[in-house]
Amino acid sequence: MLDALHAAISDLTAIGPETLGDAGSVVALHRLLAQLEAVTTRATAAFDASREWEADGAQTAAQWVATECGLPRGTARGRLALGRHLRHLPVLEQAWLDGDITAAHVRVVAHVRRPATADALARDERLLASNASRLRFEAFCRAVAYWEQWADPDGADEAEEARTARRGVQLDQSYGGMYFGRITLDPIGGTIVADELERRERALFDADWAEARRRTGREPTALDLARTAAQRRADALVQMAVASRTAPEGGRRPAPLFSVLVDYGTFSGRICELANGTVVSPVALVPWLAEAEIERAVFGPDRRVEVGRRARLFGGATRRAIELRDRCCQHPYCDVPGDRCQADHIVPYEEGGLTTQDNGRLACAFHNRGRAGGRRPRAPDG
């Protein structure tokens, strides 16, 4: 059987890439790749259980697989661990063998499988497998994170606290005077830093682009810019430090805004995620509640969002409602976050389309201009 598979793969490798470069073939090849990886993972777990590797003097199956198959030790351990999880996830195993899902989907579910969630997982595995096969991967990860909070709220809170405890920054000066560092932040702290870093880096990019246009007398390319993206991020980080040092002592600083999304039908549900889509446990918000503004957003059955009043008014309530509802560009192949998108009319304004929530959707600048061709941004459900 393996000889026949080897022969079939050899035939494929002899075909030029342009022959298999169409959309249908790319999808089919990835499906076959998922199936082969599922078979390999299951077989590797069976090899582990057989303990045949002991005969060669290996201490663990991972050592043997890493050596004989030329894999990094961590990759071998991960494959064996995933294979062990498969023994308790028969529905996901079959979906993977069928090519409906990938190893990445199984790893997400395996990550939340523990004694406290075992019974709920046995009951809901078919639902999770269905979500894995039909949702975009990022949306599936959010669904599993919410499921984990429901199945084991105490464990989710403890995991959130442990995640926050892992935060840390290391910045050391080398003998040559350069600084090298490493930064680890929890989701909320990381989002605050990343958003400000991105905002400043974007401003530096605009300045570099304008300077390059003046210097070259034409529309520039990335090669014409004075700084690389990494250099702009470094300069943006220095700007942040300078701004912190020069801010007036005791001055009022901007308060972060957390959007808490609550499903209309389960108003008391544990739905809590950051604007970038990162799911957090409600316990992560507690340290910020004294200084953050609170905005109430309730999703109705038709996905209409009613935005409540805040202490400091937010201009453009209709735009905000669309941003909360859609979260990112609505083109099926795009995930630009909502705060970098434009509000696009579904029925164009020139054709009488109203500037209302029902006739609006988020679209990034690229897809709003329609330069990409192909599919237009999708209309919101409802």
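Residues numbered from 1 in each chain as written. Predicted model: local features only at pLDDT ≥ 70, side-chain atom pairs only at ≥ 80, totals over all residues. Heavy atoms only, no water.

Undergrad: So what's going on with the pattern of salt bridges? Residues and values would help.
TA: On inspection of all chains with the given rule, the structure shows 23 salt bridges. Arg227 is the salt-bridge partner of Asp235, the closest N and O atoms lying 3.0 Å from each other. Under the relative-accessibility criterion, Arg227 is labelled partly exposed at 22%. In the salt-bridge network here, residues are joined through shared partners; they are Glu201, Asp208, Arg227, Arg232 and Asp235. (Salt bridge = Lys/Arg side-chain N within 4 Å of Asp/Glu carboxyl O. Buried < 20%, exposed > 50% of the residue type's maximum accessible area, 1.4 Å probe, protein only.)

Undergrad: Please give an account of the packing of aromatic side chains that cites residues and values.
TA: Taken as a whole and assessed by the stated rule, the structure comprises two aromatic pairs. Ring geometry for Phe47 against Trp64: centres 4.6 Å apart, planes inclined by 45°, an arrangement best described as tilted. On the criterion of sequence distance, the pair formed by Phe47 in helix H2 (residues 23–50) and Trp64 in helix H3 (residues 61–69) is long-range, its members being 17 residues apart. (Phe/Tyr/Trp six-rings, centres within 6.5 Å; stacked < 30°, edge-to-face > 60°. Helix = DSSP H or I, 4+ residues; strand = E, 2+ residues; numbered from the N terminus.)

Undergrad: Go over unusual backbone geometry with me, naming the residues and quoting the values.
TA: Positive phi, normally seen in glycine, also occurs at Arg51, with a value near 60°. On the basis of relative accessible area, Arg51 is assigned to the partly exposed category, the value being 44%. Here Arg327, not a glycine, exhibits a phi torsion of approximately 75°, which is positive. With respect to the element layout, Arg327 can be found in the loop between helix H12 (317–326) and strand E6 (342–345).

Undergrad: Break down the side chain of Asp208 for me, with residues and values.
TA: With respect to the helices and strands, Asp208 occurs in helix H10 (residues 187–216). The exposure class of Asp208 is buried, given its relative accessible area of 6%. Aside from chain neighbours lying at most four places away, what touches Asp208 is Leu225, Arg227 and Arg232. (Contact = heavy atoms within 4.5 Å.)

Undergrad: Give a detailed account of the nonpolar core, specifying residues and quantitative values.
TA: With 25 residues, the main nonpolar core has Trp96, Ile101, Val109, Val144 and Trp147 as its most contacted residues. Within the residue set of this core, elements represented by two or more residues are H2, helix H4 (73–86), helix H5 (90–97), helix H6 (103–111), helix H7 (118–134) and helix H8 (137–151). Leaving out residues up to four positions away in the same chain, Trp147 has contacts with Val112, Thr117, Ala120, Leu121, Asp124 and Leu128. Counting nine residues, the second-largest nonpolar core is a separate cluster that includes Phe47, Ala58, Ala66 and Leu80. (Core = buried A, V, L, I, M, F, W, Y, C linked by side-chain atoms within 4.5 Å.)

Undergrad: Would you mind going over the pairing of strand E1 (residues 168–173) in detail, with residue names and values included?
TA: Bridge count between E1 and strand E2 (residues 179–184): six bridges; the pairing is antiparallel. The residue bridging Gln170 from the neighbouring strand is Arg182, located in E2. Linking E1 to E2, which pair antiparallel, is a turn of five residues; within it Gly177 sits at a positive phi near 95°. (Pairing = 2+ DSSP bridges.)

Undergrad: Describe H8, with residues and values.
TA: Taking 1.5 Å per residue, 15 residues should reach 21 Å; H8 reaches 21 Å between its end C-alpha atoms and fits that length. Buried residues of H8: Phe140, Val144, Ala145, Tyr146, Trp147, Glu148, Gln149 and Ala151, and no others. Taken together, the buried residues of H8 touch H6, H7 and helix H9 (153–165). (Expected span 1.5 Å × (residues − 1).)

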